[in-house]
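Single-letter residue listing:
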Amino acid sequence: MVYDKRVDGRKFDECRPMEAKVGVVEKAGGSAMFKIGKTVAVAAVYGPRELYPAAFQNLKRGVLRCNYNMMAFSGSGNRVRPGPSRRSKEISLVTEKALFPVLDLSAYPGSVVDVFIELIQTDAGTRCAGITAAAMALADAGIPMRDLVSSVAVGRVGGKIVLDLNKEEEDYEGESTDIATAFSSRTGEVTLLQMDGEVKREELKKALELARAGCEKIRELQINALRGRYKG
Amino acid sequence: MGDIIKQHLLNTLSNGLRLDERKFEDFREIFVEYGISSKSAEGSARVKIGRTEVVAGVKLDVAEPYPDNPDEGTIIVNMELLPLSSPAFESGPPSIASIEMSRVVDRVIRESKSLDFKKLCIKKGEFMWTVLIDIYPINNDGNLFDAASLAAIAALKDARFPKLDKDNKVDYNEKTSKKLPLESEALACTVLKIGNYFIVDPSVDEESAADARLTVGVLENGTLCSLQKGEDVALSIDDIDKMVDIAIKKTKDLRRALK
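These numbers were taken from a predicted model, which means no experiment stands behind them.

### Details of the overall build of chain B
Now for step 1: Counting its secondary structure elements, chain B contains five helices and twelve strands.
Now for step 2: On C-alpha atoms alone, chain B measures out to a radius of gyration of 19 Å, which is about the 18 Å that the 2.2 N^0.38 rule sets for 259 residues.
Now for step 3: Dimensions of chain B, computed from C-alpha atoms along their principal axes, come out at roughly 65 × 35 × 35 Å.

### What about the overall build of chain A?
Now for step 1: Counting its regular elements, chain A contains four helices and nine strands.
Now for step 2: Going from the N terminus to the C terminus, chain A shows its helices and strands as β-β-β-β-α-β-α-β-β-α-β-β-α.
Now for step 3: Taken against the 2.2 N^0.38 rule, which gives 17 Å for 232 residues, the C-alpha radius of gyration of chain A at 17 Å falls within 12% of a compact globule.
Now for step 4: The 232 residues of chain A split such that 51% are buried.

### Some words on the sheet that holds strand β2 (residues 30–36) of chain A
Residues and elements named next belong to chain A.
Now for step 1: Strand order in the open sheet formed by five strands is β1-β2-β3-β5-β4, with mixed pairing between adjacent strands. Edge positions in the open sheet fall to β1 (18–22) and β4 (63–70), since each of these has one partner strand only. Averaged over neighbouring strand pairs, the angle between their axes works out to 15° when direction is ignored.
Now for step 2: In the packing of helix α1 (residues 86–99) onto the sheet, the strands contacted are β4 and β5 (111–121), and the crossing angle to β4 comes to about 140°.
Now for step 3: With respect to the sheet, helix α4 (residues 201–230) is in contact with β1 and β2, its orientation differing from that of β1 by roughly 35°.

### Quick word on the sheet that holds strand β6 (residues 150–157) of chain A
Now for step 1: Spatially, β7(A)-β6(A)-β8(A)-β9(A)-β12(B)-β11(B)-β9(B)-β10(B) is the arrangement adopted by the eight strands of the open sheet, whose pairing is antiparallel. Among the strands making up the open sheet, the edge pair consists of β7 (160–163) of chain A together with β10 (197–200) of chain B. With direction set aside, neighbouring strand axes in the sheet form an average angle of 20°.
Now for step 2: Relative to β7(A), β6(A) runs antiparallel, the two sharing four bridges. Residue Gly155(A) lies in a different strand from β7(A), and its bridge partner there is Val162(A).
Now for step 3: Sheet contacts for helix α2 (residues 96–112) of chain B: β9 (189–199) of chain A together with β9 (187–194), β11 (212–218) and β12 (224–230) of chain B; angle to β12(B), the most-contacted strand, approximately 160°.

### A short note on the interface of chain B and chain A
Now for step 1: Contacts between chain B and chain A engage 27 residues on the former and 25 residues on the latter.
Now for step 2: Residues belonging to the side of chain B that touches chain A are distributed by class as follows: twelve nonpolar, seven polar and eight charged.

### Topic: the nonpolar core
Now for step 1: One finds Ala133(A), Ala151(B) and Ala152(B) to be the most contacted residues of the largest nonpolar core, which totals 145 residues.
Now for step 2: It is helix α3 (residues 144–158) of chain B that contributes the most residues to this core, eleven residues altogether.
Now for step 3: When neighbours within four sequence positions are excluded, Ala133(A) is seen to be in contact with Ala32(A), Met33(A), Phe34(A), Ala41(A), Val42(A), Ala43(A) and Ile117(A).

### Some points on helix α1 (residues 2–14) of chain B
Now for step 1: Under the 1.5 Å per step criterion, the end-to-end length of α1(B) is 18 Å for 13 residues, consistent within 8% with the ideal 18 Å.
Now for step 2: Among the residues trailing α1(B), Gly16(B) stands out with phi positive, at a value near 85°.

### Structural notes on α4(A)
Now for step 1: The terminal C-alpha atoms of α4(A), which comprises 30 residues, lie 44 Å apart, in line with the 44 Å expected from a rise of 1.5 Å per residue.
Now for step 2: When α4(A) is considered as a whole, its buried residues turn out to be Leu204(A), Ala207(A), Leu208(A), Leu210(A), Ala211(A), Gly214(A), Cys215(A), Ile218(A), Arg219(A), Gln222(A), Ala225(A) and Leu226(A).

### A few points about unusual backbone geometry
Now for step 1: In the segment running from Gly47(A) into Pro48(A), the intervening peptide bond is cis, with an omega of 5°.
Now for step 2: Of note, Pro48(A) is situated in strand β3 (residues 39–50).
Now for step 3: The step from Tyr52(A) to Pro53(A) runs through a cis peptide bond, and the omega angle for that step is 0°.
Now for step 4: Positive phi is not limited to glycine here, since Asp201(B) has a value of about 45°.
Now for step 5: On the secondary structure map, Asp201(B) appears in the loop between β10 and α4 (204–209).
Now for step 6: The phi angle at Glu231(B) is positive, at roughly 70°, despite the residue not being glycine.
Now for step 7: Summarising the element assignment, Glu231(B) is placed in the loop between β12 and α5 (237–258).
Now for step 8: Under the C-beta neighbour-count criterion, Glu231(B) is labelled partly exposed, with 19 such atoms within 10 Å.

### What about the packing of α4(A) against α5(B)?
Now for step 1: Contact pair α4(A) / α5(B): the axes reach a minimum separation of 11 Å and the direction vectors enclose 160°. In this view, α4(A) runs roughly antiparallel relative to α5(B), as classed from their interaxial angle. Of the two possible hands of crossing, α4(A) and α5(B) adopt the one that is right-handed. Residues Arg201(A), Leu204(A), Lys205(A) and Leu208(A) of α4(A) form the contact with α5(B), whose own contacting residues are Ile237(B), Ile240(B), Asp241(B), Val244(B) and Ile248(B).

About the cut-offs
Residues numbered from 1 in each chain as written. Chains lettered and ligands numbered in written order. Predicted model: local features only at pLDDT ≥ 70, side-chain atom pairs only at ≥ 80, totals over all residues. Helix = DSSP H or I, 4+ residues; strand = E, 2+ residues; numbered from the N terminus. Rg over C-alpha atoms; globule rule 2.2 N^0.38 Å. Buried ≥ 20, exposed ≤ 12 C-beta atoms within 10 Å, placed from the backbone. Pairing = 2+ DSSP bridges. Axes fitted to C-alpha atoms, helices over the stretch in contact; angles between N-to-C directions. Contact = placed C-beta atoms within 7 Å. Nonpolar A, V, L, I, M, F, W, Y, C, P; charged D, E, K, R; others polar. Core = buried A, V, L, I, M, F, W, Y, C linked by C-beta atoms within 7 Å. Expected span 1.5 Å × (residues − 1). Parallel < 35°, antiparallel > 145°, perpendicular 65-115°, else oblique. Left-handed = near helix turned anticlockwise from the far one by under 90°.

And the structure:
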């Protein structure tokens, strides 16, 4: 079956409606909310603070530690079992790797920057929404950064390359490929790349270009949200 | 210490060679042995890539299908980084490295649809086969990702269904000659970026010096079925393009060892 119209009527290169807000957790050093379609992520940054046990300290630079979690009620099906899973641990790892390249933690040897990401509602693209929120929270916390990171999923649904899959598209007739990406948009470099499902060699490049363009739009939104927090 | 190794490595690479004198896109010798635990496991295999050695075993079990896929069986992949196999691996709960490796190998097989999950259904909504793939390193001399995915596919190729009694209970004492519905053989090939160089089949030292890692799942016809980027440095789209090309090309070396 040809996928010539998206399930929610979007254009193939169009993200779901987005919303970004900086400064949503008063106690945190920095925080942000990012909403894309029905997926809602909140991120908060604590630190730099001393890292214990001391064996985990890096004496040359600060350490970034991310924790991704889906709230128990955040899925539309069964309750998500609380606590870390293999999936959430892997996502925490790739989130760290997605954010680390733009950070400069050289001023914080022996310290840790903690990033906590919570998903309040999920409809696909949760790791990407978490990364987008976390990048804003890190900027809000005043952590030295070379650039922002913006993150979005692309994929192949019914043979078409599409931007920002929702859950229905992710599950589309067993013929769906999901590619989670994150870009440091100033340099155009990829800091997150994970793919599940089949794609032809040539399609991958097209998908990455589409993701990059999508991340540009997200970046604008992130910058506006950060400006909104600090103007006046 | 790490910085010294990295500098030495970069100097060697700038001369077009690696520490063990291989070229950038050379694999070490690859060796696959089938049926290493054929009395116990339904399928098993040993893979050696140079001095790296990995074993994998398949056990089959009957369970109730998941409600969202009532007519499909499933796989569970687990890899444990044994302290027996390397001074760098520690006892205790699964490390994040072992979780990532398990999940990457899982996705290479699952997302390629190498196994026909529909054919693993015994009775819709009631009974399905669960294919449990367990992978252990025996000696880690680098490139566990590729060795693990090769071992998993080899063990799946080797596996035969055990007998089912009339209540759909497994009789492990009796194996049938029926093979698993393995429709294709997806394999992982990992490419590292160190400085401006791309290499395959890394040693442990090369792994510790890597700026970025890309593990690519590749099917027989060159179609990609999974990607996983690792390590701390960003990649350009052009880098990714080159690394994917290398992976597609080099997967053929791994595939040849499957026979």
